[in-house]
Amino acid sequence: MTPHLHPNVLRLLELPDAERQRAILAEKWIPYTRAQQALAKMEALLQHPTSHRMPNLLLVEDTNNGKTAILRRFCHAHQPQPLEDDGRLQWPVLYVQAPPEPDEKRFYNIVLDRVNAPHRINDHVGKKQLQVIHVLRQLGVKLLVIDEIQHILAGNQGKQRQFLNVIKYLSNELMVPLVCAGIRTAFSAVQSDEQLANRFEPVPLPKWVIGDDYLRLLLSFERLLPLREPSNLADESIALKLLSMSEGTIGEISKILKLAAVLAIDSKKERITAAVLNKVDYTTPSDRMKFHKLI
Ligand SMILES: Nc1ncnc2c1ncn2[C@@H]1O[C@H](COP(=O)(O)OP(=O)(O)OP(=O)(O)O)[C@@H](O)[C@H]1O
Ligand SMILES: [Mg+2]
């Protein structure tokens, strides 16, 4: 009996160790509560009746805490598809990353590249804007997702404002809601535009703290890691140790657990224990920062 594993993971136990380790390192999706809530909010936006003033969402938090994973999950559920009657491609949810600086033309180039629309890089910005609006209308885009929105902070205030106006204009013109995501500093950038601040509902993804949600997250991870023995990750001492090593982000929790599970197979222990965690080749985010400051 191996009730600590998800039924789909059980069959992985038959694989050779190296393949089990590869499976451990693969991307995982855990439907934790806040992620599910964010997805539900995005779904509601997608169904929102069109208006010239669409509501928007802003996923904000520290780095490595699952923002992009949520956005990608949502896009995956709403992939581009050909229309049944005439085969025209429809692209309900369009995901792009903000350009590395708030540059309108680069943004349009990114959008056009994303949907494989032929375009001339050096066309005048006004022409590009018209092309973007035309192409997105044709594709039936219903929701525009802009990740890494904090990139706009790489420009001076004038540039930032101009870029915010660009996305506001696109949203108004196409009557589509925006879902933006970025680290916390992005929040202040968007707040600096009064109209946008009003229309963006912040959806925080705070760091994990000890509690039921966190313990459930650990149990979900455990069910996805093909180890023969139960690790009981939700036991207080292991849970606390993981929280302090990871400093509370899902990206770090996931990384540590994957490394530890690989080691648990190598060492034939087949479970993650405090001793295994101590042996994992892992540096905490704060120590990494200290190291970067030294060099
Ligand atoms: N729902 C989830 N289930 C399992 N693992 C997850 C989940 N969400 C995120 N992760 C893990 O956390 C890592 C970081 O997540 P993600 O890239 O979404 O963070 P982010 O908040 O977008 O970070 P950044 O601000 O640096 O862009 C992912 O690579 C993945 O390993
Ligand atoms: Mg991200």
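Residues numbered from 1 in each chain as written. Chains lettered and ligands numbered in written order. Predicted model: local features only at pLDDT ≥ 70, side-chain atom pairs only at ≥ 80, totals over all residues. Heavy atoms only, no water.

Asker: Just to check I follow, could you spell out the sheet that holds strand E4 (residues 93-97) for this structure?
Answerer: Two orientations exist for strands paired in a sheet by backbone hydrogen bonds: parallel and antiparallel. Ordered in space as E4-E5-E6-E1-E7, the five strands form an open sheet in which the pairing is parallel. Since the sheet does not close on itself, it has two edges, and those belong to E4 and strand E7 (200-204), each with one partner. Each adjacent strand pair in this sheet contributes to an overall mean axis angle of 20°, direction not counted. Both E4 and strand E5 (residues 143-147) contribute to a ladder of five bridges, which runs parallel. Note on E5: the bridge partner recorded for Leu94 is Leu144. Here helix H4 (residues 67-77) sits on the sheet and contacts strand E1 (56-60), E4, E5 and strand E6 (178-182); the angle it forms with E4, its principal contact strand, is near 150°. (Pairing = 2+ DSSP bridges. Helix = DSSP H or I, 4+ residues; strand = E, 2+ residues; numbered from the N terminus. Axes fitted to C-alpha atoms, helices over the stretch in contact; angles between N-to-C directions. Contact = heavy atoms within 4.5 Å.)

Asker: Can you walk me through the pattern of salt bridges in this structure?
Answerer: It is possible for side chains of opposite charge to pair when their charged atoms get near one another. Using the criterion set out here, one finds 17 salt bridges in the structure. With its nearest N and O atoms 3.0 Å apart, the salt bridge here joins Asp62 to Arg184. Here Asp62, found in the loop between E1 and H4, pairs with Arg184, found in the loop between E6 and helix H8 (185-191); they are 122 residues apart in sequence, far enough to count as distant. Accessibility expressed as a relative area gives 47% for Arg184, which makes it partly exposed. (Salt bridge = Lys/Arg side-chain N within 4 Å of Asp/Glu carboxyl O. Buried < 20%, exposed > 50% of the residue type's maximum accessible area, 1.4 Å probe, protein only.)

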